[in-house]
Amino acid sequence: MKLDDIDVILTRNTIRSLLSFVKTGIKRSVAMQMHLINNTLIIAADEEKNRRYNDPRKRPNWGHAFEDAFTSYSAELRDSISHHRVIKYKLGSVTVAVCHEADASYSQLPQGPQHPAYQERGSSFGNIKPSAGLRRRYEQLSTDGLTKVRLAGAGTFPSEMAELKASCFFQSIGTHMNQLWFGRTSYIITGKHAEGNFQECGIVNAESEFSIWEERHQEALQKLDSLIMILRERVGSLGGQGVGIINKSRSKTILEIWTAQKKTEPLSVEFIERHWSQIETGRFSVQFGSNMTRQD
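As the structure is a computational prediction, the values presented were derived from the model and not from experiment.

Draft legend 1. Structural detail: unusual backbone geometry. The phi angle at N38 is positive, at roughly 55°, despite the residue not being glycine. On the secondary structure map, N38 appears in the loop between β2 (30-37) and β3 (40-47). Take N38: its relative accessible area is 9%, and that puts it in the buried class. Even without glycine at this site, R184 takes up a positive phi of about 50°. According to the relative accessible area criterion, R184 is partly exposed, its value standing at 27%.

Structure representation (structure tokens):
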């Protein structure tokens, strides 16, 4: 599979942060490592919240526990920790590849309490410990440091992708619309609880709301389109590698672009040669000086 026609590769969280930046400014500081392979910009962002450790005893979170209690795995996927998805689509004039974690898939079930799936789903309610989901994930992490690819499962229809949210208060669908829109996720499943005691669950197909959200945010989406092209052009002028920084303590509406402190490569040479045609030598392995210099 060739990736020459993709203009930018980034995560859903990163593209949401860039949307916030062009609208009203970011809420958290972010640093972005940017590389250019031919005409494809790769952005790897490190957000402030990703480096912060939250003690579950002080700030319990039932998100992962809700996912584990309310979903089931097929037999060949029971050892999996998380599922990730990459989707490609047009965003204005640019073609993006967006990576994100997928919570679950959901299909309409026959109605009625006599149906086995209905009963199994209902039994998931009740008291859930906040650490249950995280503990399961950490216990299953491999310690050999190797990435292993195993083909399993029957696949998932894009129209059945679902986002799960646990909250102690009511949240409207609009709260999560940009997450659903950028991830092209049709369903949102919400669980309302009081200290882990889940009493209500809502399942909404949000796909019909996509065009409405898109129309309301046309100006910001067009700015986002322009920003991506500007970033790609600026990184190209730096030789194919740069660092973007938005420091909220200084300004939430200023994005600084610096030369990289040291040479890095976004991917292995073998991977790049396999997925891009006619690699321009030096575009992804240019040597910079030891000092960081802001490009005005």
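Draft legend 2. Inspection of the pattern of salt bridges at higher detail. The tally for this structure, following the rule as stated, stands at 6 salt bridges. Across the pair R232 and D7 runs a salt bridge, and its minimum N-O distance is 2.6 Å. Taken together, the positions of R232 in helix α7 (residues 218-237) and D7 in the segment before β1 (8-11) put the pair 225 residues apart, joining distant regions of the chain. By relative accessible area, which is 15% here, D7 ends up buried. Of the charged contacts, one joins R250 and E256 as a salt bridge, the two residues approaching to 3.0 Å between their closest N and O atoms. For R250, a relative accessible area of 55% gives the class exposed. E256 gets classed as buried once you look at its relative accessible area, which sits at 10%.

Draft legend 3. Seen up close, the environment of E160. Structurally, E160 is set in the loop between α4 (132-139) and β8 (161-167). Residues E160 and Y106, spaced 54 residues apart in sequence, show a C-alpha to C-alpha distance of 5.1 Å. In this structure E160 touches A104, S105, Y106, S107 and Y187, once residues within four positions along its chain are discounted.

Draft legend 4. Main features of the confidence of the model for the protein chain. Here the protein chain shows a mean pLDDT of 78. Residues at 70 or above account for 74%. The lowest-confidence element of the protein chain is helix α3 (residues 116-122), averaging 36 in pLDDT; the highest-confidence one is β1, averaging 97. A low-confidence stretch, residues 110-126 stays under pLDDT 50, and its non-local contacts, those more than four residues away or across chains, total 21 contacts. Confidence drops under a pLDDT of 50 for residues 281-296, and excluding neighbours within four residues, the segment shows 44 contacts in the predicted structure.

Draft legend 5. Structural detail: the packing of aromatic side chains. Summed over the entire model, instances satisfying the criterion amount to 5 aromatic pairs. With a centroid separation of 5.1 Å and 85° between ring planes, the pair formed by W181 and F182 is classed as edge-to-face. Every member of this aromatic cluster is reached through a ring pair, and the members are Y89, W181, F182 and W213. The side chain of R184 reaches across the aromatic face of Y89, ending 3.7 Å from its centre. When the ring centre of W181 is taken as origin, the NZ or CZ atom of R184, which lies over that ring, is 4.4 Å away.

Reading the values: rules and limits
Residues numbered from 1 in each chain as written. Predicted model: local features only at pLDDT ≥ 70, side-chain atom pairs only at ≥ 80, totals over all residues. Heavy atoms only, no water. Helix = DSSP H or I, 4+ residues; strand = E, 2+ residues; numbered from the N terminus. Buried < 20%, exposed > 50% of the residue type's maximum accessible area, 1.4 Å probe, protein only. Salt bridge = Lys/Arg side-chain N within 4 Å of Asp/Glu carboxyl O. Contact = heavy atoms within 4.5 Å. pLDDT = per-residue confidence, 0-100. Phe/Tyr/Trp six-rings, centres within 6.5 Å; stacked < 30°, edge-to-face > 60°. Lys NZ or Arg CZ within 6 Å of the ring centre and 35° of its normal.

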